[in-house]
Amino acid sequence: MLTRLEIQNFAIIDHLTLDFAQGLTVFSGETGAGKSIVIEALGFVLGARGDASVIKDGADKMCVKAEFESKDLPETVRTQYHLSADRFTLRRELDNKGKGKAQLDGRPVTVATLAQIGRYLVDFHGQHDHQSLLHASVHLQLLDHFAKHDTLLKQVQAAYQTEQEIRAKLEALRLSAQEKERLLDLYAYQLKEIEDVRPTAGEDEQLEQNLPKLKHAGKLLEMAQEAYEELYNDEKSATSRATRAAKLLGQMADLDENLASLSQDVNAALVTLEDAAQTLGSYKEDMEVDPNALDRMLTRHEKLKRLKAKYGPELSDVLTTADDLRAKIKNLQHAEEHAQDLENELTTAHTALLKLARSLHDKRYTAADKLAKLITNEIKPLGFNQVKFAVAVEMDEESIGPTGADRVEFLFSPNPGQSLRPLKNIASGGEISRVMLGLKTVLAPTVPVMVFDEIDAGIGGETGHLVGQKMHQAAQGKQVLCVTHLAQVAAQADCNFHVEKMALKDTTRVTITPLSDENLTTEIARMLGGNTTKNSAALAHAKELLAARKK
């Protein structure tokens, strides 16, 4: 359950904190008051797309913080994100430069993590989402979501991908003779270009390490010789002087034991100097000043550089490309031999795909009957006399794709005597909204929070009352947030908020106020479009709606 939502500088909300309880919560107010902003803010903190243009004018950043009960998450998710307390918080901010931050209980996370957690917590239905029910592709997704056969669907997708890869290889083998020769010439040229250089793994790195030394070999040799002479070449060298100093300090330490430590330090320094002198001697002996060697190394380095620019970016990529080219040449040269093998592989892959697609069809067919019955039971009380709803599943084995070979479509008949027809051809806007309400009730039973943003378009009167009752029933044991213009829905709420937009001198702000009994009656009377004075008919009707809710 969502327990608290805190919004800062989001759209026209400067700062707002809302506490929520279980049951049906309704937001009402005049058109354009900003009711849907609360829903958008909740979506933002749960990973929806953020836009810096939404930041309130004059502010540097916007921030939304939401608090949920931990028990709503699966145990595996709580363990994964170390959520041991009864409640946890999600926080997200976005500044006017488009830079965002996301946190889970104060710990930095990605926006994708917020979205992943949000899928276990909230199911959103926006004011235009019901239009998606007009598209058959959505019907397939909804049926699969209901059936929960994700593993089988992934197997179908993998089998389809395997078949497509084999088919692509077979098509490549069926090239025209002219195209085959063209590719053979191209691959052979590219392979020769690499093989002529004969690169080896790590060679470029070794060259880049050795080139500076070879470029400055003369200067390095001169400096090494001078340093060696300073250290070790005559009686004035540093080593000679250090040797004499060490000898004197040794004699002094015999007379004054306080100098023993200093004597030891000088002797250690002498050893280091002698090691350095010997190392320098070996270095200058090994140093080779050879302009031809430098030219050869520079030429080699340039050849490798060209290969990396063309087939890289790394030398390892060049070597991989060479292996790929050899394989392609071999395949083209032995195309006829491989064709039959691939034909056999394709037959086997298609048979496996077809078997999985048939299994998926059987499961969809069974699930479709269950889904149709559940949806019929949900929407029947919403103002339909003899409603009929069905989920048609038709398989076309000649058109197998990554989702199988089925075409799924919702069929609908709202009135007696009407045959079942595609939902897109028969349902009005109000009817589609009620069907979607039924779908959401069936498909999101495990999500603790359901959000409906103005789905009551085209609904009124007694139907509106029935929709309000259905929402109230759906909120039992969970939480439903609803933005509505319909008094009949607002009257069914367990908690009502009134949203009001106020234009001040230099800014616009939104206030959201919980409604007491008296204020709620007045608000519902306003939503009914009547006079809100003490003895008005609208006020009396509002009281009747609220009284009916309490029964």
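Residues numbered from 1 in each chain as written. Predicted model: local features only at pLDDT ≥ 70, side-chain atom pairs only at ≥ 80, totals over all residues. Heavy atoms only, no water.

Q: How would you summarise the overall build of the protein if you had to cite specific residues and measurements?
A: When helices and strands are tallied, the protein shows 19 helices and 15 strands. The buried share among the 551 residues of the protein stands at 43%. Partitioning the contacts of the protein with sequence separation of at least 6, the portion at a separation of at least 24 is 68%. With the model as given, the accessible surface of the protein reaches about 30,200 Å², and the carbon-plus-sulfur share is 49%. (Helix = DSSP H or I, 4+ residues; strand = E, 2+ residues; numbered from the N terminus. Buried < 20%, exposed > 50% of the residue type's maximum accessible area, 1.4 Å probe, protein only. Contact = heavy atoms within 4.5 Å. Areas by Shrake-Rupley, 256 points an atom, 1.4 Å probe, with all protein chains shown as cover.)

Q: So, the pattern of salt bridges: which residues are in play, and what are the values?
A: Applying the stated criterion to the full structure yields 23 salt bridges. A salt bridge links Glu203 to Arg300, with the nearest nitrogen and oxygen atoms 2.5 Å apart. Note that Glu203 is positioned in helix α7 (residues 203–215) and Arg300 in helix α11 (residues 291–311), a separation of 97 residues in sequence. Given a relative accessible area of 16%, Glu203 falls into the buried group. (Salt bridge = Lys/Arg side-chain N within 4 Å of Asp/Glu carboxyl O.)

Q: For the side chain of Ser263, give the residues involved together with the corresponding values.
A: Following the sequence through the fold, Ser263 ends up in helix α10 (residues 260–286). Discounting chain neighbours no more than four positions away, the residues touching Ser263 are Leu249, Gly250 and Ala253.

Q: Now, about the confidence of the model for the protein: what can you tell me, with residues and values included?
A: Looking at the protein as a whole, the pLDDT averages 84, with 88% of positions reaching at least 70. Taking the mean pLDDT of every element in the protein, the minimum, 66, falls on helix α8 (residues 217–232) and the maximum, 96, on strand β4 (residues 61–69). (pLDDT = per-residue confidence, 0-100.)

Q: A description of the sheet that holds strand β13 (residues 479–483) should follow, citing residues and the corresponding values.
A: One open sheet holds the 6 strands; their spatial order is β8-β12-β13-β3-β14-β15, and the pairing between them is mixed. A single partner strand is all that each edge strand has here, and the edge strands are β8 (122–125) and β15 (508–514). Mean inter-strand twist for the sheet, computed between neighbouring axes without regard to direction, equals 15°. Note: strand β3 (residues 23–28) against strand β14 (residues 495–503), 4 bridges, orientation parallel. Note that in β14 the partner of Ser28 across the bridge is His498. (Pairing = 2+ DSSP bridges. Axes fitted to C-alpha atoms, helices over the stretch in contact; angles between N-to-C directions.)

Q: Please provide a residue-by-residue account of the sheet that holds β4, values included.
A: An order of β2-β1-β4-β5-β6-β7 is seen for the 6 strands of this open sheet, with the pairing classed as antiparallel. Edge positions in the sheet fall to β2 (13–19) and β7 (107–109), since each has one partner strand and no second. Averaged over all neighbouring strand pairs, the angle between strand axes comes to 15°, with direction disregarded. The sheet contact formed by strand β1 (residues 2–10) and β4 spans 6 bridges and is antiparallel.

Q: Provide a residue-level description of the nonpolar core, including the pertinent values.
A: Counting 54 residues, the largest nonpolar core has Leu371, Val391, Met471 and Ile524 as the members making the most contacts within it. Setting aside residues no more than four positions away along its own chain, Met471 makes contact with Leu24, Leu437, Phe452, Ile455, Val480, Cys482 and Val489. Within the second largest apolar cluster, 45 residues are counted, among which are Val45, Ala66, Phe88 and Val510. (Core = buried A, V, L, I, M, F, W, Y, C linked by side-chain atoms within 4.5 Å.)

Q: Describe the packing of aromatic side chains, naming the residues involved and giving the relevant values.
A: Going through the model one piece at a time under the given rule, you end up with 6 aromatic pairs. An angle of 55° between the planes, with centres 5.8 Å apart, marks the rings of Phe10 and Phe44 as tilted. Taken together, the positions of Phe10 in strand β1 and Phe44 in helix α1 (residues 35–45) put the pair 34 residues apart, joining distant regions of the chain. For the pair shown, Phe10 and Phe44 are each scored as buried. Ring plane angle 15° and centroid distance 5.3 Å describe the contact between Phe27 and Phe497, whose orientation is recorded as stacked. Of this pair, Phe27 sits in strand β3 while Phe497 sits in strand β14, and the two are 470 residues apart along the sequence. The residues Phe27 and Phe497 share a single accessibility class, namely buried. Each residue in the set Phe20, Phe27 and Phe497 is aromatic and connected to the rest through ring pairs, giving one cluster. (Phe/Tyr/Trp six-rings, centres within 6.5 Å; stacked < 30°, edge-to-face > 60°.)

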